Amino acid sequence: MSETNTPAPEAAEAHRYTAAMAADIEARWQDVWDAQGTYEAPNPAGDLAGDPAVVARPKKFIMDMFPYPSGAGLHVGHPLGYIATDVYARHQRMTGHNVLHTLGFDAFGLPAEQYAVQTGTHPRVSTEANIENMKVQLRRLGLGHDKRRSFATIDPEYYKWTQWIFLQIYNSWYDTGAGRARPIAELVAAFEDGSREVPGGRAWGALDPAARAEVLNGFRLAYASDAPVNWCPGLGTVLANEEVTADGRSERGNFPVFKSKLSQWNMRITAYADRLLDDLDALDWPEAIKLQQRNWIGRSEGARVDFAVGGSGAITVFTTRPDTLFGATYMVLAPEHELVSSIVPAQWPEGTHPVWTGGHATPAEAVNEYRKQAASKSDVERQADAKDKTGVFTGAYATNPVSGEPVPVFIADYVLMGYGTGAIMAVPAHDSRDFAFARAFELPMRCVVEPTDGRGTDPAEWDDAFVSYDAKLVDSAGEGISLDGLGVVEAKAAVTEWLAARGIGEGTVNFRLRDWLFSRQRYWGEPFPIVYGEDGVAHPLPESMLPLELPEVEDYSPRTFAPDDAASKPETPLSRNEDWVNVELDLGDGVKRYRRETNTMPNWAGSCWYELRYLDPHNSRALVDPAIEQYWMGPSENAPHGGVDLYVGGAEHAVLHLLYARFWSKVLFDLGHVSSAEPFHKLFNQGMIQAYAYTDARGVYVPAAEVEERDGGYFHQGEPVKREHGKMGKSLKNAVTPDEICEEYGADTLRLYEMAMGPLDVSRPWDTRAVVGQYRLLQRLWRNIVDEETGKVTVVDGEPAEDTLRALHKAIDGAGGDLAGLRFNTAIAKITELNNFLTKAGRPLERSVAERLVLLVAPLAPHIAEELWHRLGHEDSVVHQDFPVADPAYVVDETVTCVVQVKGKVKARLEVPPTISDAELEQLATADAGVVAALGGAEIRKVIVRAPKLVNIVI
Ligand code: ANZ
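Residues numbered from 1 in each chain as written. Predicted model: local features only at pLDDT ≥ 70, side-chain atom pairs only at ≥ 80, totals over all residues. Heavy atoms only, no water.

### Here's the deal with empty space enclosed by the protein
Thought 1: Under the criterion given, the structure shown has 4 cavities of 30 Å³ or more.
Thought 2: Size it by volume and the largest cavity reaches roughly 70 Å³.
Thought 3: Residue lining of the largest cavity: Gln-30, Trp-33, Asp-34, Tyr-39, Arg-139, Gly-142, Leu-143, Gly-144, His-145 and Lys-147, and that is the complete set.
Thought 4: The dominant element in the lining of the largest cavity, judged by the number of residues it contributes, is helix α1 (residues 19-36), at 3 residues.
Thought 5: Looking at side-chain class alone, the lining of the largest cavity contains 3 nonpolar, 4 polar and 3 charged residues. (1 Å grid on protein atoms, 1.4 Å probe; cavity = no way out; pocket = protein on both sides within 12 Å on 5 of 7 lines; lining within 4 Å. Points joined across faces, edges and corners; volume = space filled by probe spheres on them. Helix = DSSP H or I, 4+ residues; strand = E, 2+ residues; numbered from the N terminus. Nonpolar A, V, L, I, M, F, W, Y, C, P; charged D, E, K, R; others polar.)

### Considerations on the nonpolar core
Thought 1: Phe-166, Trp-516, Phe-518, Trp-664 and Trp-766 are the most contacted members of the largest nonpolar core, which totals 184 residues.
Thought 2: Per element, the largest residue contribution to this core is 9 residues, and it comes from helix α6 (residues 156-170).
Thought 3: Excluding residues within four positions of it along the chain, Phe-518 makes contact with Phe-166, Trp-265, Asn-266, Met-267, Phe-528, Thr-600, Met-601, Pro-602, Ala-605 and Trp-664.
Thought 4: One finds Ala-334, Val-407, Val-409 and Ala-423 within the second-largest nonpolar core, a separate group that totals 60 residues. (Core = buried A, V, L, I, M, F, W, Y, C linked by side-chain atoms within 4.5 Å. Buried < 20%, exposed > 50% of the residue type's maximum accessible area, 1.4 Å probe, protein only. Contact = heavy atoms within 4.5 Å.)

### A short note on the pattern of salt bridges
Thought 1: Applying the stated criterion to the full structure yields 51 salt bridges.
Thought 2: In this structure, Arg-299 engages Glu-301 in a salt bridge whose closest nitrogen and oxygen atoms are separated by 2.8 Å.
Thought 3: Judged by its relative accessible area of 54%, Glu-301 is exposed.
Thought 4: One network of salt bridges, with partners in common, ties together Asp-24, Arg-28, Glu-867 and Arg-871. (Salt bridge = Lys/Arg side-chain N within 4 Å of Asp/Glu carboxyl O.)

### Things to note about the side chain of Gln-92
Thought 1: Following the sequence through the fold, Gln-92 ends up in helix α3 (residues 80-94).
Thought 2: Ignoring sequence-local partners within four residues, the contact set of Gln-92 consists of Lys-60, Ile-62, His-97, Val-99 and Ala-820.

### Points about the sheet that holds strand β1 (residues 59-64)
Thought 1: With respect to topology, 4 strands assemble into an open sheet ordered β2-β1-β24-β25, the strand pairing being parallel. Whereas interior strands pair on both sides, the edge strands pair on one side only; in this sheet they are β2 (98-101) and β25 (683-685). Here the strands of the sheet are splayed against their neighbours by 20° on average, with no regard to which way each runs.
Thought 2: Bridge analysis of strand β24 (residues 646-649) against β25 gives 3 bridges, and the strand direction is parallel. Its bridge partner lying in β25, Tyr-647 is registered against Leu-683.
Thought 3: Taken strand by strand, α3 contacts β1, β2 and β24, and its axis lies near 170° from that of β1. (Pairing = 2+ DSSP bridges. Axes fitted to C-alpha atoms, helices over the stretch in contact; angles between N-to-C directions.)

### As for the pairing of strand β35 (residues 950-954)
A regular strand places its side chains so that they alternate between the two faces of the sheet.
Thought 1: Direction of pairing for strand β32 (residues 896-902) relative to β35: parallel, over a ladder of 4 bridges. Looking at β35, one finds that Val-899 is bridged to Leu-950.
Thought 2: With 5 bridges joining them, strand β34 (residues 942-946) and β35 adopt antiparallel strand pairing. By the bridge assignment, Arg-946 is partnered in β35 with Leu-950.
Thought 3: Hairpin connection, β34 to β35: the antiparallel pair is bridged by 3 residues.

### Overview of the site of the ligand
Thought 1: Around the ligand, 17 residues are found, and the nearest of them are Ser-300, Thr-319, Leu-416, Tyr-419 and His-430.
Thought 2: Thr-319 is positioned with one of its side-chain polar atoms (N or O) 2.7 Å from an oxygen atom of the ligand.
Thought 3: Here Tyr-419 contributes a side-chain N or O atom positioned 2.3 Å from an oxygen atom of the ligand.
Thought 4: Against a free-state accessible area of 650 Å², the protein chains account for coverage of 85% of the ligand.
Thought 5: Its residues assigned to classes, the shell around the ligand shows 8 nonpolar, 6 polar and 3 charged. (Near = heavy atom within 4 Å. Polar contact = N/O pair within 3.5 Å; in protein donor to acceptor, adjacent residues only side chain to side chain. Areas by Shrake-Rupley, 256 points an atom, 1.4 Å probe, with all protein chains shown as cover.)

### What to know about unusual backbone geometry
Thought 1: A cis geometry characterises the amide bond from Leu-546 onward to Pro-547, with omega recorded as -5°.
Thought 2: The linkage connecting Ala-947 with the following residue, Pro-948, adopts the cis geometry, with an omega of 0°.
Thought 3: Relative to the elements of secondary structure, Pro-948 occurs in the loop between β34 and β35.
Thought 4: With a phi angle near 50°, Glu-442 is a residue other than glycine that sits in the positive phi range.
Thought 5: For Glu-442, the location among the structural elements is in the loop between α15 (432-441) and β16 (477-478).
Thought 6: On the accessibility criterion, Glu-442 (52% relative accessible area) is exposed.
Thought 7: If you check the backbone angles, Asp-711 has positive phi at about 45° while not being a glycine.
Thought 8: Here Asp-711 is to be found in the loop between β28 (708-710) and β29 (713-716).
Thought 9: We classify Asp-711 as exposed; its relative accessible area is 75%.

### Considerations on the packing of aromatic side chains
Thought 1: This structure, assessed with the given rule, holds 48 aromatic pairs.
Thought 2: Relative to Tyr-170, the ring of Phe-166 lies with its centre 6.4 Å away and its plane at 20°, an arrangement referred to as stacked. Remark: Tyr-170 and Phe-166 occur in helix α6; sequence separation between them is 4 residues, near one turn of the helix. Each member of the pair, Phe-166 together with Tyr-170, is buried.
Thought 3: Judged by centre distance (5.8 Å) and plane angle (85°), the ring pair of Phe-166 and Trp-265 falls under edge-to-face. (Phe/Tyr/Trp six-rings, centres within 6.5 Å; stacked < 30°, edge-to-face > 60°.)

### Concerning the environment of Gly-71
Thought 1: Considering the arrangement of structural elements, one finds Gly-71 in the loop between β1 and α3.
Thought 2: A relative accessible area of 57% places Gly-71 in the exposed class.
Thought 3: For the pair Gly-71 and Tyr-330, spaced 259 residues apart in the sequence, the C-alpha separation amounts to 56 Å.

### Concerning the packing of helix α23 (residues 772-783) against helix α27 (residues 862-871)
Thought 1: Contact geometry for α23 and α27: axes closest at 11 Å, N-to-C directions at 5°. On the basis of the axis angle, α23 is roughly parallel to α27. Between α23 and α27, the contacting residues are Leu-778, Leu-781 and Trp-782 on the first element and Ile-864, Glu-867, Leu-868 and Arg-871 on the second.
Thought 2: Partitioning the contact of α23 with α27 into residue classes produces 5 nonpolar, no polar and 2 charged. (Parallel < 35°, antiparallel > 145°, perpendicular 65-115°, else oblique.)

Here it is as structure tokens:
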């Protein structure tokens, strides 16, 4: 490679490390790395198999959350995580690991489709152009990716397997007895041979195909449902709960979202609720993210309790506080609850409180009116304002099972249909929501948990409910049951047992997690590998018909409606292509006519399993070869569920992507396709790069690049502007691109700057003017090894001085630990300190010092390191060298302070070598003038020596 060694330019600056020099070095080495496959990680088998010696090393699979290739390209905030994983990957490679590091593209999604709608450009065309552009930008940063393993989720060879996984999920059911997913064929066999009862007690053989399909649909892990979904007329599509904001609008576009009944595909993620929760414990994830997942899954333990209503019916409630049952003075049903219409009497009962009726003449009128009003609100809106409780009496009374008292039944929108049983027992004295409602509707309250804050037991005198989990029960005795004097925990157990014995309740666990709505009314997504027969029964396509590619269409947009048109129904772009939709296929029982499913998968699908495809990207026979998966992802002592060794990305993916990907992993694991039950063993959330933004007098953003700072103020075209802190991006006109910084200083400087800005998990403000600091570091590094006049390497042979060795080994020790621990900013500080020391010493570096300095820098600034490594006479790439190892003899401080105590009081401090022996230390201590004075000639009874830090003299 000697021809790449020395750059040609003959200018005066020819041998200085300038931006031009950096550009030359960087481009040259990037080409060499590509040509030589420097970053290719060998697999143990298959078409990417390689050097067995490398495969025998401990493996490290290091991953970024892959980017969506946006048309705007990258700004300097985007690559923060990519640079971090790259530095880490390089360090791991230099410490003896077989490192897999690559990057693909998450390329289905709305922006390309919207761009297509506006411009008529096919989403594939614009997406692929964006990918190419992003690849150029990323390549410039010198990221050490195994490019053979990169792909985009829109590649048909990739989404073939996304569709294949959908079919695996579709063709399986969750066996709660076994605690895992099993093939649906095993369920069918059990129905056939009678070893499992068909729901409804029917004979399997007597059911027609449609009835069988209906039964299986109730078990499949991917199933069709017409439960109410989040319909967003403004976007023309339905959305997952996770895509709806806290105020009931679409995350994207901020349109209103309505509950509407539509037949849609769902994923039975709820079957995995317990495992998704339990397996979190063994993951090395930030606690905050684990907590968000726990809250999202929302496991609550409680009880189901039946309240008799009417003649023979009952309303079943879910409660987490069965101990408060005596305090249940009214009930509330969700407005949509199916029992509502059957309990409503023709007339208001005698003496009904006027506030309860909402001014309506009959209960039916009140209920209908209220239901209409509730339908137009989102779940979150319905729960949002505790103060503003609305509702209406149904006219019906139920019976409190322990007190035997009649309790009025209301409907109110603060009770949600999708949670628990959609019905509650209201305990106004001990639940704030119920308290507010009871106050508004003048409902009775009964205190059953004795307040511990001195407020007394009459709720009429309270300002809010008394909520406590460790107080005593009072006023809670009835027929054959008394909870009085019990604590909350015992009372829960006692009442649950009492209810269970009478068959009117049982302990139960409830989850907040809902099944995952998996259909979108979009063009730019994976088509479902599903067709419908003329009888409407769904059939999976056989694997041989995959990938089912997207058809060409003329109009990419779903039909959208007025944002508030709740009554509208979705119309998918694929449904307009009749030639594609209507097909004749032979699915094993002769050629028949079918209609294709015209929804597409949500854009989360492609990112649910991409880590697996990196492992074996060209495999056309399986989604991943089991031996290869086992090698890179398999469980180990440290990672009992297996998974990627390091996954870096933004904290905003806490519940969506990370929960979905975990779910798919578990299904694939259960079905025996992979050995890892978790996709990502260690997760790290990088902070955000923020940037200053400036607004003028009208509050409009002005381009940040044109703002001047003077006299302590900020000015744009002479006018004062206001500075604020925000996200970096187009909308705040403050984006800085990596290309600009590379142009001005080089990629190595950019990499160093981003890594030096602060701890990786902390957000940090970008400051272009500070970038030059890292540039100067590289210039000093260069000058420490290369003569700027001649371009000749200045290193000398011979042994380095003692102080040099100390500085060097301390830096090696500190920076090495920091790089392994993702503390890149402190690693850089230690390398800078060493480099400054060497600069100040003003002597030519010994070769052994220069080489180790270069190796230290290599993970962070790989181009300059590669260049210097070669100039130092090496033929091999710096990328595969061993990271230097510190000699402990030079790492320890030269002296440590030893405290000498006489009668427990400190009498002297001695500076001693850390390796001093007990005997030597005792001698030194007893000879010290201060100690001698303190002893005052007294007899020494005992000397306790803890070398090198403590001597204790007893007299
Ligand atoms: C009586 C009670 C007394 C309750 C008390 C709480 C405190 P988590 O912990 O979130 O699971 N609830 C049940 N189903 C509901 C629904 N569909 N919509 C709105 N609220 C519902 O909350 C469970 C508690 O939330 C349940 O326990 C119930 O109120 C209410 F001192 O029952 B509780």
